[in-house]
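For reference, the chains in residue letters:
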Amino acid sequence: MNTPQPPQWAKTLLRWLHPENTIEEVEGDLDELYAYTYKRTGKRQAVLRYLLNVVTVLPPFVRRRGSKTKYNQPFSLSPDMLKNYFKIAWRNIVRQKAYSILNIAGLSIGMACSILILLWVQNELSYDRFHTRANQLFRLTCSAGDFKAAVSPAGMARGLQAQLPQVKGGVRMSKPSPMLFEVGEKKVEEKRVFYADSNFLEVFSFPLLAGNVATALSDPGAILITEETAKKYYGTADAVGKTVRINNHDNFTIAGVLANTPSNSHLQFDAIIPMKTMASWNWDLKNDTWGNFNFYTYLELDEKTAASAPAQQKLLQQIGKMFKEHGEEIKIDFQLQPLTDIHLHSNLQIDVPGHGNIQYVNVFFIVALFILAVACINFMNLATARSERRAKEVGLRKVVGANRYQLVFQFLGESLLFSFLSLVIAIGIVYLLLPVFTMLTEKTLAIHLLDGKLLMSLLGIAVLTGLVSGSYPALFLSGFAPVKVLKGKMRVAGGNLLFRNALVVTQFVVAIVLLVGTAVVYKQLDFIKKRNLGFDKSNLLYLPMTGELGEKRQALKASLAQNPLTENFTVISDLPTKLESGTVDVVWDGQTTRNQVVFPSLDVDENFVKVFKSQVLAGRSFDKAFSGDSSNYMINEKAMQIMGMNTNNAVGQPLTFGDTKGTIIGVVKDFHFKSLQYAMEPLILRLNKWGGVVMVRTTAGNNEQTIKALEKINARLNPAFPFTFGFLGKDLDNLYRSEQQMGSIFNLFAGLAIFISCLGLYGLSAFMAEQRTKEIGVRKVLGATVAGVVSLLSQDFMKLILIAIVIASPIAWYAMNKWLQGFAYQTTLEWWIIALAAVLAAGIALFTISFQSIKAALMNPVTSLRSE
Amino acid sequence: MRRTYLGEFEELVLLMIAILDGDAYGVTVSQEIEQHTGRVVTFGAVHNTLIRLEEKGFVTSELGGATTERGGRRKRLFKMTNLGRSALADIQQLRNKLWKLMPDPTLKLSGI
């Protein structure tokens, strides 16, 4: 063959750059032209022409030939194909019942879990956002050193509003106080009664069902009650104009009925009384004081200030300056706390009760995602493991002309079908579990399916779950080469196996971390409960001195002392669960600078040390024998350290508290008078001259008789007021409610995560055992024992769980350490907790696998080997 | 009736395809153009025009006969479609009509 050939490099260039669908003809044409020119004009000319021609058929000069489709493919989403997809999906579901049940159960439980958690999270995040100007409302809070409190002085709201143009409105709220309500025969103590300024309803958006918004809180003899309260007393919501007697003393006219407080409001009240009423007897209000921190102040800022942090800083500086100008020497810093931050971001003392914790919200949100992920992983795993069964179908569809997208669409559609089926079941589960969950979280959660937003997010979850869980099987299955699949048995690729193993490991990592979390939360709670508080909390009953008990103090004391059951008692000013008074106004000898530390104080009587079983380290306790004790003080160890004294020299030192000069007569060993989330604070004990709470130490087993005795005393001395009492131990436990809740929620979801993982493991092990039936048969024929076969089948999974343990341990360790740091007193994280969780997870997994592996091992080899 | 747009070079190529009658492909078309008009055309121009004509529906093509000169590669042979034929006829008619409308002096002038 002596056909002349054009330069090779030009040809390569042509092949490389020319559009693929015309390269054959163009290359041929160019070769022919070259040969023609070569013959006519010689090589030089031919090469030149050739090069020129090549250039003209390279991009961008060349025109591309549109690829012509050979036949008209039907529209991918044609109704016929859709029908077929559904039919196939349905047949698959029905034919592989065990597999479908595992899948749908896993997915629906996972979805139900995450819906529940998300409901809770959504509720937590929605706090106080229903106010129309929520983003303009701030609470004025204060801090003195490390002591941060939610309260501010009575005079500030009006003072700031008058002088600062940025402050558009200010509302003061009192601390909630229990009051005895009396309507006709009905007498109940309402615990959540607030005093509020008359613009309360203008600043906050609590809807008033009846009554006049503008005047509702301006009349001192008026009261607003909630719908619920109105129904309780009058049996109807129409209560305006009716009278209620409060504390056996005053009659109030109901000026309006408020809608029930939304559950997602940090202010929870049953009744609101105008501040004017309180102003008739309250010293703070009468004097418009800037020195006593006793009220919650809410400020409405103008939009510009509310939106910018620098403007707020400037406002705070102005507030600080004004505070100084009012002659206050103490160094107090003020903060503006956004209304929407109060519920989740507040760690302030002297705050309204019932706050949440952003940390828990985040943790649970992540847990919800993880549980959903675990459920998706299950689905993926089972679907991939079963892919061999579908391989022939895929091959056939491809041969007949399906393209990859159609197959991807088919499999995604199938998983979407699964996820929507699961969603329906999940909603059912949520409905069933909601009462339990509401009890657990103590929240009024509800699922309203007609709510568009909720519906959208539910559908979103279903679609997301469907797409995520279907993605891998869809991409994996659709990638099968038809020739390979149809020719013979498809060997599952190594990459696929690796991916599946990684998924199993992930599942168990999540499960183990949750297990460790549960264990640590419980250990911490146990630690708190068992911690020595510095006093004996068992069998401590208390009786608040309400109504006439305060006035009849002496008679009360006498009757208590007479009764052998109640003789061991003390009168203290505040319960150690909610000690709220404190001052910086403390002077002692040797104090160099003006005091910056807040000293809480407690008024106790002579019996205090004996009843609380606390310890006096130096000096003595208050004693009737010393008449001068009314101006003497006891301090705790922490206060002693702060004052730079020690047990040898503290007693006898002068101490001025407020305006009262006195002497330190004793040092009491530190005892916890606040929640254990706070580190020990200094404490000053004064002799109680007024009253507060009677604490009675009963002897074990005598609680009921003691309560009866107290009830009798109350009925005699205080007939107008119902008898109320409490156990200090129970109150103390209640301080850790949110931790307890977190513990039980954690518990529930850890259990479910493990359950879902095990569902998947069960399916996988069933599949593995089935795949290896023949191998097991051969092994048994050759003499393998049942135990040998079981261990052979379990080995692979146990390896995965081992890896999961290794990965989960540091994650759990880190996460729980972080959580424990929130406590001033924390339990230790010990290795055995993680070991225990790991062993537990492994045990459960092994148990799950054992079903299938034992079944496989016990099978008669004859059946399995004959089957071919 | 849809109007047919045909560029000058396109018309030329279309005419060549008509002349070659079933034997038209890249090489023959370029050679014919060179021989009949003396214009040296690059292959790219011919190639692009052939594709464009086919897109417009004036010709159809199919891959056919391989020869040794082309290293065994198939050539794409082009055939006129009825649309192509009528397009050429239309142009021819239009030109004739226009020529006839021309006053004589113009022709003479051009003849000088």
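Remember, it's a predicted structure, so these values are computed and weren't measured experimentally.

A.B. asks: Got a minute to help me understand the overall build of chain B in this structure?
C.D. replies: Scanning chain B from N- to C-terminus turns up five helices and two strands. Put simply, chain B runs from its N terminus to its C terminus through helices and strands in the order α-α-α-β-β-α-α. Here chain B, with 112 residues, has 41% of them falling under the buried criterion. Restricting the contact set of chain B to residue pairs at least 6 apart, pairs at least 24 apart contribute 53%.

A.B. asks: Would you mind going over empty space enclosed by the protein with me for this structure?
C.D. replies: Take a probe with the size of a water molecule and roll it over the atoms, and the empty space left behind shows itself. All names here are of chain A. In total, this model carries six cavities of 30 Å³ or more according to the counting rule given. Of the pockets and cavities examined, the largest cavity occupies roughly 210 Å³. Together, 16 residues line the largest cavity, and Tyr-99, Ala-383, Arg-390, Phe-411 and Glu-414 are the ones closest to its centre. Within the residue set of the lining of the largest cavity, elements represented by two or more residues are helix H4 (79-95), helix H14 (358-385), helix H15 (387-400), helix H16 (404-441) and helix H17 (452-478).

A.B. asks: Can you walk me through the interface of chain B and chain A in this structure?
C.D. replies: One widely used convention gives an interface's size as the accessible area the parts lose upon coming together. Counting residues at the interface gives 29 residues for chain B and 28 residues for chain A. Both sides together, the interface formed by chain B and chain A hides about 2,400 Å², and carbon and sulfur atoms give 48% of it. It is Phe-43, Glu-69 and Arg-73 of chain B that lose the most area in chain B upon contact with chain A, and together they represent 26% of the buried surface on that side. For the pair chain B and chain A, the number of links is seven salt bridges. The partner of Glu-27 of chain A in a salt bridge is Arg-73 of chain B, with the nearest N and O atoms 2.9 Å apart. The tally of links between chain B and chain A comes to 13 residue pairs in polar contact (both at pLDDT 80 or more). A breakdown of the residues in the side of chain B that touches chain A according to their chemical character gives eight nonpolar, 11 polar and 10 charged.

A.B. asks: I would appreciate a short explanation of the domain arrangement of chain A in the present structure.
C.D. replies: Along its sequence, chain A is organised into domain 1 (8-70), domain 2 (79-125 + 353-492), domain 3 (134-341), domain 4 (497-530 + 735-868) and domain 5 (540-734). Placing a centre on the C-alpha atoms of domain 2 of chain A and another on those of domain 5 of chain A gives a separation of 60 Å.

A.B. asks: Would you mind going over the pattern of salt bridges with me for this structure?
C.D. replies: Opposite charge on two side chains allows them to pair when their charged atoms are near. Counted according to the given criterion, the structure contains 32 salt bridges over all chains. The closest approach of N and O atoms between Glu-393 of chain A and Arg-397 of chain A, which form a salt bridge, is 3.1 Å. Of this pair, Glu-393 of chain A and Arg-397 of chain A both sit in helix H15, separated by four residues, roughly a single helical turn. Under the relative-accessibility criterion, Glu-393 of chain A is labelled buried at 19%. With a shortest N-O distance of 3.7 Å, Asp-536 of chain A and Arg-697 of chain A are connected by a salt bridge. With Asp-536 of chain A in the loop between helix H19 (494-530) and strand E14 (540-544) and Arg-697 of chain A in strand E24 (residues 693-697), the pair connects residues that are 161 residues apart, well separated along the chain. Looking at Asp-536 of chain A, the relative accessible area reads 25%, which means it is partly exposed. Relative accessible area serves as the criterion here: at 7%, Arg-697 of chain A is assigned to the buried category. Taken together, the salt bridges that share partners define one network made up of Lys-11, Arg-15, Glu-27 and Asp-31 of chain A together with Arg-73 of chain B.

A.B. asks: Help me out: how do you make sense of H16 of chain A in this one?
C.D. replies: A turn of α-helix holds 3.6 residues, and therefore any two residues three or four places apart point the same way. All names here are of chain A. End to end, H16 covers just 48 Å across 38 residues, shorter than the expected 56 Å (1.5 Å per residue, more than 12% under). Its maximal kink placed at Leu-433, H16 deviates by approximately 50°, while the proline Pro-435 follows within four residues. Backbone geometry just after H16 places Glu-442 at a positive phi near 55°.

A.B. asks: Would you mind going over the UniProt feature "domain: ABC3 transporter permease C-terminal" (unreviewed entry) in chain A with me for this structure?
C.D. replies: All names here are of chain A. Taken from the UniProt record, the annotation "domain: ABC3 transporter permease C-terminal" (unreviewed entry) applies to residues 366-473 and 748-861. In this annotation, residues 366-473 is assigned 87% helix and 0% strand; the end-to-end C-alpha distance for the span is 25 Å. For residues 748-861, the end-to-end C-alpha separation is 42 Å, with 85% helix and 0% strand making up the annotated structure.

A.B. asks: Before we go on, may I ask you to explain the packing of aromatic side chains in this structure?
C.D. replies: Each aromatic ring pair is summarised here by two numbers: the centre-to-centre distance and the angle between the ring planes. All names here are of chain A. Counting across every chain of the model gives 32 aromatic pairs over all chains. For the ring pair Tyr-633 and Phe-657, a centre distance of 5.9 Å and an interplane angle of 35° mean the geometry is tilted. Taken together, the residues span a long stretch of sequence, with Tyr-633 in strand E20 (residues 633-636) and Phe-657 in strand E21 (residues 654-657) at a distance of 24 residues. Look at Tyr-633 and you get buried, because its relative accessible area is 3%.

A.B. asks: So what exactly am I meant to see when it comes to the environment of Val-26 of chain A here?
C.D. replies: For Val-26 of chain A, the position within the fold is in helix H2 (residues 23-41). By relative accessible area, which is 0% here, Val-26 of chain A ends up buried. Taking the C-alpha atoms as reference points, Val-26 of chain A and Lys-175 of chain A, separated by 149 residues in sequence, lie 91 Å from one another. Residues in contact with Val-26 of chain A, not counting those within four places in the same chain, are His-18 and Val-57 of chain A together with Phe-43 and His-47 of chain B.

A.B. asks: Explain the UniProt feature "domain: Transcription regulator PadR N-terminal" (unreviewed entry) in chain B here, please?
C.D. replies: Feature annotation in UniProt assigns "domain: Transcription regulator PadR N-terminal" (unreviewed entry) to the following positions: residues 20-89 of chain B. Span residues 20-89 of chain B is 50% helix and 21% strand, its end C-alpha atoms 17 Å apart.

Cut-offs and rules
Residues numbered from 1 in each chain as written. Chains lettered and ligands numbered in written order. Predicted model: local features only at pLDDT ≥ 70, side-chain atom pairs only at ≥ 80, totals over all residues. Heavy atoms only, no water. Helix = DSSP H or I, 4+ residues; strand = E, 2+ residues; numbered from the N terminus. Buried < 20%, exposed > 50% of the residue type's maximum accessible area, 1.4 Å probe, protein only. Contact = heavy atoms within 4.5 Å. 1 Å grid on protein atoms, 1.4 Å probe; cavity = no way out; pocket = protein on both sides within 12 Å on 5 of 7 lines; lining within 4 Å. Points joined across faces, edges and corners; volume = space filled by probe spheres on them. Buried area = accessible area lost by both parts, 1.4 Å probe. Salt bridge = Lys/Arg side-chain N within 4 Å of Asp/Glu carboxyl O. Polar contact = N/O pair within 3.5 Å; in protein donor to acceptor, adjacent residues only side chain to side chain. Nonpolar A, V, L, I, M, F, W, Y, C, P; charged D, E, K, R; others polar. Domains from an automatic or database assignment. Expected span 1.5 Å × (residues − 1). Bend = angle between axes of the 7 residues up to and from the residue. UniProt positions renumbered as here; feature names shortened; annotations may be inferred. Phe/Tyr/Trp six-rings, centres within 6.5 Å; stacked < 30°, edge-to-face > 60°.

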